Each structure stands twice: as C-alpha cells, then as structure tokens.
Amino acid sequence: MSSLPVLVLNSGSSSIKFSIYGAGNGERARLFEGAVDGIGTDLGKFWIKDASGKKLVDQTPPLPNRSVAFKLVADALNNGQFPAPKAIGHRTVCGGPTVRENQRITPQLIDEIESYAALAPLHTPIAVYIMREALKLFPGIPNFAILDTYFHRTIPEVAAVLPIPREYSALGVRRYGYHGISYESIIDQLQPEVPDKLIVAHLGNGASISAIRCGQCLDTSMALTPTGGIISGTRTGDIDPGVLLFILHKIAETTPNAAEAANKLETVVSKKSGLVGISGVSNDMRDLRQAIKAGNAEARLAVDKFTWTIARWIGSYVAELGGLDMLVFTGGIGENDIDSRAEICAGLGVLGIELDAQRNHVRGAAVISAPQSRVTVRVIPPAEDLIIVNHVVRLLGIV
Ligand code: ADP
C-alpha cells in the first residue's frame, strides 16, 4: 500500500493547528504541519512548514472568524500543492457520557457530541464547528473523532463517580479526565516495556496527572472539565466548593442574571486563577521563574503551590497503585522546567524517588533519576498527532 495522507486537526479557541502524515506499511512520517492563529483578530497568522522545518506558507491574513480560518486551511490542502488528505482525525477533547470510543464522524455523531456541550463549554462548541466544516470542505473523506477522554475510559467507577446528587450524575456529570492522547503517547513510547506502576505528570499550561497500571488508566486528576485536578496556568484545579459559592455570591452582587454570573465565575476559575491568580504575574512558568529570581514573593508562592500540589498528588497515586516503578514528566513545564521537576521530587525520597541533579539539567527526553533511585524518573515529550494518526489508520482498517 502506498502512503496515505492523514490530516490531523487540533482546534482551540483562537487557533487551528494541523499536520499531515503519510501513513502506510506500518510507517508514519510527518510531511507538513501548520496553523492558523489569531482567529477573531485582524492580525491572523497562517503558516505551513515541511518536514525539514522550511516554511512553505507564511501569511498574515485577516481572520475575522473560524469559518474564514478553516477555509484557508482547506483551500491550501485542496489546491494540489500539498497531498490532499484521504482521512482526517479530529482531536476531540470531550465526547460526553455517550461518545466514549474513537469513531468515524457522522452528522448524527456531531449532534450527539453537541448535545453535551454544556459539560465542556470551552471545548465542544469549537470542536463540533470544525467537524461540520471539515465534512463540508472535504466531501467524501472519512473524518474520525479521537478523544482525549478515551484513555481514561478504564478508570473504576469509584474514581469516576462524583459526590453529587444522582439527578446531576444522570446528566453525565462524572470524571472523564483529559490529556488522554498525551498519556497514550507516553505509553506508546515506553513500549514494549511499560512499567506495571506508572505515574505520568502532564504539566503544560493545563496540567494533569494520571496513575496508570499495566498501561491502563487507574485514576486521573482532571474530572468533568480540565479546570479540575492540580492547579495550572490559569485554572484553580480542585477547590473547596464553598470558595466557588463565595465568589458566586460576590459576583451576584453586581450581576443579578444567573447565567451571566455563572459565565463570570467560569472566567474566574478557568482564566484568572492558578499560577496567574496567586502570583498576579503570569501563567507562564518562564515568567514566574524570572520573577522569582528578581525576588517576587507572590511568584514564589504560586510556584510552591504548584509543585506542592503535584507532590501530594504523586503521594496519593503511589498509595492507589500500591507502589511505583516509574514517574514520567511531560508537557511544556514537565519537559523544560528543570526547577519544577527538582522541587516536585525534593520531598519524595520516602517514595523511592531520587533525582540526579546533573541528569535533571536537561530539556527533552532523558532519564533523570539517580542510579540508586528505586523509581525511574523520565522526561518524555508527547507525540500526540502520531497517536491520532494511529487511531485513524486502525479505524480505517489499515495497519
Ligand atoms: P499547552 O498546555 O497549552 O498544550 P504546553 O504543554 O506547550 O502547552 O505548555 C506550555 C507551558 O509550558 C508554558 O505556559 C510554560 O509555562 C511552560 N514552558 C514552556 N517552555 C518552557 C521553558 N523553556 N521553561 C519553563 N517552562 C516552559
């Protein structure tokens, strides 16, 4: 079989990232990658690079809305300059309670995913919009929904159920977990020697952590939405529900309309909290490290809260797994922030986790534990698009 061009689409609130892989005969090669960024502004960017990193498209078009942005991508991929996709994989953050398996996208499936948009209001509306556009602009090409929640479908009911009245659970309110494609990629890269008891910390602008037994997810920190779990760049993570009520009452003093007040609360917990909330400086670890060097006490406290929370979570997952063989750091902070890794692991000697300061002085893939450490500690960057391509190819029935 010759190489089959597979398009991977990853849409966010202001960008659509994409890559094209050639897939066939067990081979996967990334041919091109690109993005339209700055959607909703006059300062849009549209670029496509080849596998060597050479920019083949580099434009600054006005991108008033998603429709214009996605049409730009579709036109470029349909004009003969690039291999036209024969299949499309959509990174899909949440399929709700009924769409738990990766599968071919049909208009009915999109409606089903959309019917649970209230469970993931920041992600689902964008995802379903791009799915509908892709069906229109690439007619006859099979599209697949590849879910970030798929990896977490194995968590036991005790981890999935949330302590709320059944009437809300019945609406699909439960732990779904996110970053699943990243976790799958780490497992894939550890093959064929996936340790029995594994913890992976995906620390990016959004951050989560998972306990994985024999390659299957046992527990994960994010729950109904990516706002739950450990604190991250702009999100609270798990928090006393009384705090939400307090903030909501405060907001209601000036915003009597309940829906508007809920939206404002959403902005507070998803966009203004976490590292940026505590520090008042930035959600970006690079800025925070600079501020710490300059003596900023709030930045120090924010980062301490972050590393302290992760260390506690690791402790509870070691208990849940009944031990630990390997700890993996991934995501922008996990891969690049030497100090965060050192600070998280500093108090974990009791769990058999010992970093080697020299080995930890690295950005990108490496073993960073000391030779005598009972637990192996590694840094592994995820290759999420490759996992999406693998699912698409499997669902097409091609190896
Ligand atoms: P996302 O969660 O949006 O997918 P990433 O996983 O790429 O993003 O993580 C982005 C975050 O990684 C940044 O906000 C920043 O906090 C952190 N980061 C990126 N590069 C570095 C670096 N060189 N040093 C420290 N932190 C970094």
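The following paragraphs examine the structure supplied in this document. (Residues numbered from 1 in each chain as written. Predicted model: local features only at pLDDT ≥ 70, side-chain atom pairs only at ≥ 80, totals over all residues. Heavy atoms only, no water.)

A few words now on the site of the ligand. What surrounds the ligand is the set Gly204, Asn205, Gly206, Asp284, Met285, Arg286, Gly331, Gly332, Ile333, Asn336, Asp337 and Arg363. In the model, an oxygen atom of the ligand is placed 3.3 Å from a nitrogen or oxygen of the Gly206 main chain. In this structure, Met285 approaches the ligand through a main-chain N or O atom, which is 2.8 Å from an oxygen atom. Considering the ligand on its own, with 580 Å² of exposed area, one finds that the protein chains cover 67% of that surface. Elements that contribute at least two residues to the shell around the ligand include exactly α10 (285-293) and α12 (331-336). Of the residues forming the shell around the ligand, the biggest block, four residues, is contributed by α12. Considered class by class, the residues forming the shell around the ligand number two nonpolar, six polar and four charged. (Near = heavy atom within 4 Å. Polar contact = N/O pair within 3.5 Å; in protein donor to acceptor, adjacent residues only side chain to side chain. Areas by Shrake-Rupley, 256 points an atom, 1.4 Å probe, with all protein chains shown as cover. Helix = DSSP H or I, 4+ residues; strand = E, 2+ residues; numbered from the N terminus. Nonpolar A, V, L, I, M, F, W, Y, C, P; charged D, E, K, R; others polar.)

This part is about the nonpolar core. In this structure, Leu203, Ile314, Leu327 and Ile353 are the most contacted members of the largest nonpolar core, which totals 39 residues. Listing elements by their share of this core, those giving two or more residues are β9 (197-203), β10 (207-213), α10, α11 (297-321), β12 (326-330), α13 (338-345) and β14 (376-379). In terms of residues, this core owes the most to one element, α11, which gives eleven residues. For Ile353, the contacting residues outside a window of four places in its chain are Ile314, Leu324, Leu327, Cys345, Leu348, Ser373, Val375 and Val377. Residues Leu63, Ala76, Leu77 and Phe82 belong to the second largest nonpolar core, which totals 25 residues. (Core = buried A, V, L, I, M, F, W, Y, C linked by side-chain atoms within 4.5 Å. Buried < 20%, exposed > 50% of the residue type's maximum accessible area, 1.4 Å probe, protein only. Contact = heavy atoms within 4.5 Å.)

Evaluated as defined, the whole model comprises 15 salt bridges. With a closest N to O distance of 3.7 Å, Arg174 and Glu157 form a salt bridge. Taken together, the residues span a long stretch of sequence, with Arg174 in the loop between α5 (166-169) and α6 (180-190) and Glu157 in helix α4 (residues 157-160) at a distance of 17 residues. Relative accessible area serves as the criterion here: at 21%, Arg174 is assigned to the partly exposed category. The partner of Arg175 in a salt bridge is Asp219, with the nearest N and O atoms 4.0 Å apart. (Salt bridge = Lys/Arg side-chain N within 4 Å of Asp/Glu carboxyl O.)

The peptide bond linking Gln191 to Pro192 adopts the cis configuration, its omega dihedral lying at 0°. Tracing the backbone through its elements, the reader meets Pro192 in the loop between α6 and β9. Non-glycine residue His179 carries a positive phi angle of around 60°. Looking at where His179 falls in the secondary structure, it is placed in the loop between α5 and α6. The backbone of Cys214 shows a phi angle near 50°, a positive value even though the residue is not glycine. Positionally, Cys214 belongs in the loop between β10 and β11 (216-220). Assessed through its relative accessible area of 52%, Cys214 is described here as exposed.

Pairing in this open sheet of six strands is mixed, and the strands run β11-β10-β9-β12-β14-β13 from one edge to the other. The strands lining the two open edges of the sheet, one partner per strand, are β11 and β13 (366-367). Sheet analysis places β9 next to β10, joined by seven bridges and oriented antiparallel. Paired with Leu203 across the strands is Ala207, a residue of β10. Strands in contact with α11 are β9, β10, β11 and β12; relative to β10, the strand with the most contacts, it is inclined by about 15°. Packed onto the sheet, α13 meets β9, β12 and β14 and runs at close to 150° relative to β12. (Pairing = 2+ DSSP bridges. Axes fitted to C-alpha atoms, helices over the stretch in contact; angles between N-to-C directions.)

Just geometry here; none of it tells us what the structure is for.
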